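# Structural overview
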Amino acid sequence: MAGSGSASPLAGRRVATLTLEPGRSGALDFTVDAANRVRGTLTVSSRAAISRQAYRFNIGTYQIPGIVDPQTGAFALTGTIPGSGLFTVSGILPASGSGGGYTLTAGGQSYSGIFGAAAPSPIPSPTPTPGVTPAPAAAA
C-alpha cells in the first residue's frame, strides 16, 4: 500500500478510442489520481449515418466517475446517456502506468479494447526571449 504523500502506482491518464454502434465512435479519457479516485469522460461523435439500436450512443460528452482497487488495478466507471440509460466501463490497470484493458458495456452490448501508454501531463517548455529586432530604415 502506498505511504502517506506518495502517488499511487496506478495514477495517470488513460485514453482510448473505440467504435460503438454503426456510425458512432467514442473517446474514453479518464484519470486516476494519487488517492486512486477515478474521473473521466466518454465523448461520442458521429462518423456516418446511424442505425437504430436498443441502446443509442447520442453525440455528446458524458461524465464517468468511478473507483479503482489499488491492490489489483481493477476499475469500474459508470455513466448515463440521457434517453438510453446507464453504461459501464471496467477493466484492469497495470501498476506500470501503461496498457491495461477495458470493456464498455451498454444495453447488453460490449465493446472492448486496450489502453495505450498513459498520457503524461504536458510540461511547459520555456519560451525563448526574442532578440532585439532593428527598426526598419525610414524612407527619405
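The structure displayed is predicted, hence computed values, not measured ones. Sequence order as written defines residue numbering, which begins from 1 separately in each chain. Note on the predicted model: pLDDT of at least 70 is required for a residue's local features to be given, and 80 or more for side-chain atom pairs to be given and counted; whole-chain, interface and lining totals, by contrast, use all residues. Working from all heavy atoms in the structure, the side-chain values ignore hydrogens and water.

## Remarks on unusual backbone geometry
Residue Asn 36 is not a glycine yet carries a positive backbone phi of 65 degrees. Helical segments are the DSSP runs of H or I of at least four residues, strand segments are the runs of E of at least two, and each set is numbered from the N terminus. Its location among the elements puts Asn 36 in the loop between strand E2 (24-32) and strand E3 (37-46). In this structure Asn 36 comes out as buried when scored by relative accessible area, which is 16%. Burial classification: accessible surface area is computed with a 1.4 Å probe over protein chains only, and a residue below 20% of its type maximum counts as buried, one above 50% as exposed, and the rest as partly exposed.

## Focus on the side chain of Arg 14
Turning to its location among the elements, Arg 14 is positioned in strand E1 (residues 12-19). Definition of a polar contact: a pair of N or O atoms within 3.5 Å, with one able to donate and the other able to accept a hydrogen when the atoms are protein atoms, and with sequence-neighbouring residues admitted only if both atoms are side-chain atoms. In this structure the side chain of Arg 14 is engaged in a polar contact, spanning 3.1 Å, whose partner is the backbone oxygen of Leu 10.

## Things to note about the nonpolar core
We define a nonpolar core as any set of buried Ala, Val, Leu, Ile, Met, Phe, Trp, Tyr and Cys residues linked to one another through side-chain atoms lying within 4.5 Å. The biggest cluster of nonpolar side chains holds 26 residues, and the ones touching the most others in it are Phe 30, Phe 57, Phe 75, Phe 87 and Leu 104. Taken together, the elements giving at least two residues each to this core come down to E1, E2, E3, strand E6 (74-81), strand E7 (85-92) and strand E8 (101-106). Only heavy atoms enter the contact rule, under which two residues are in contact if any of them lie within 4.5 Å. In contact with Phe 87, other than residues within four places in its own chain, are Leu 42, Tyr 55, Tyr 62, Ile 64, Leu 77, Thr 78, Gly 79, Thr 80, Ile 81, Leu 104, Thr 105 and Ala 106.

## Some thoughts on the confidence of the model for the protein chain
Mean pLDDT for the protein chain: 77, with 70% of residues reaching 70 or above. Each residue gets a pLDDT score, which is the predictor's confidence in that residue and runs from 0 to 100. This model gives residues 118-134 a pLDDT under 50, and the stretch forms 5 contacts once residues within four places in sequence are excluded.

## Quick look at the side chain of Arg 24
Examined against the element boundaries, Arg 24 turns out to sit in strand E2. Residue class for Arg 24 comes out buried when judged on its relative accessible area of 6%. Within the structure, Arg 24 has its side chain in polar contact with the backbone oxygen of Phe 57 (distance 2.9 Å).

## Brief notes about the pairing of E2
If a strand is regular, its side chains alternate between the two faces of the sheet. Two elements, E1 and E2, share 8 bridges in a ladder whose sense is antiparallel. By the bridge assignment, Ala 16 is partnered in E2 with Leu 28. At least two bridges found by DSSP between two strands is the condition for calling them paired. Taking the residues that link successive antiparallel strands as the turn, the E1-E2 hairpin has 4 residues, and the phi of Gly 23 there is positive, at about 90 degrees. Two successive antiparallel strands, E2 and E3, enclose a turn made up of 4 residues, where Asn 36 displays a positive phi of approximately 65 degrees.

## Describing the environment of Ala 35
With respect to the secondary-structure elements, Ala 35 resides in the loop between E2 and E3. Placed 35 residues apart in sequence, Ala 35 and Pro 70 show a C-alpha to C-alpha distance of 8.9 Å.

## A word on the pattern of salt bridges
The working definition used for a salt bridge is a side-chain nitrogen of Lys or Arg within 4 Å of a carboxyl oxygen of Asp or Glu. This structure, assessed with the given rule, holds 2 salt bridges. As a salt-bridge pair, Asp 29 and Arg 13 come within 2.6 Å of each other at their nearest N and O atoms. Pair noted here: Asp 29 is in strand E2 and Arg 13 is in strand E1, with a separation of 16 residues, a long-range link. In this structure Asp 29 comes out as partly exposed when scored by relative accessible area, which is 24%. According to the relative accessible area criterion, Arg 13 is partly exposed, its value standing at 34%.

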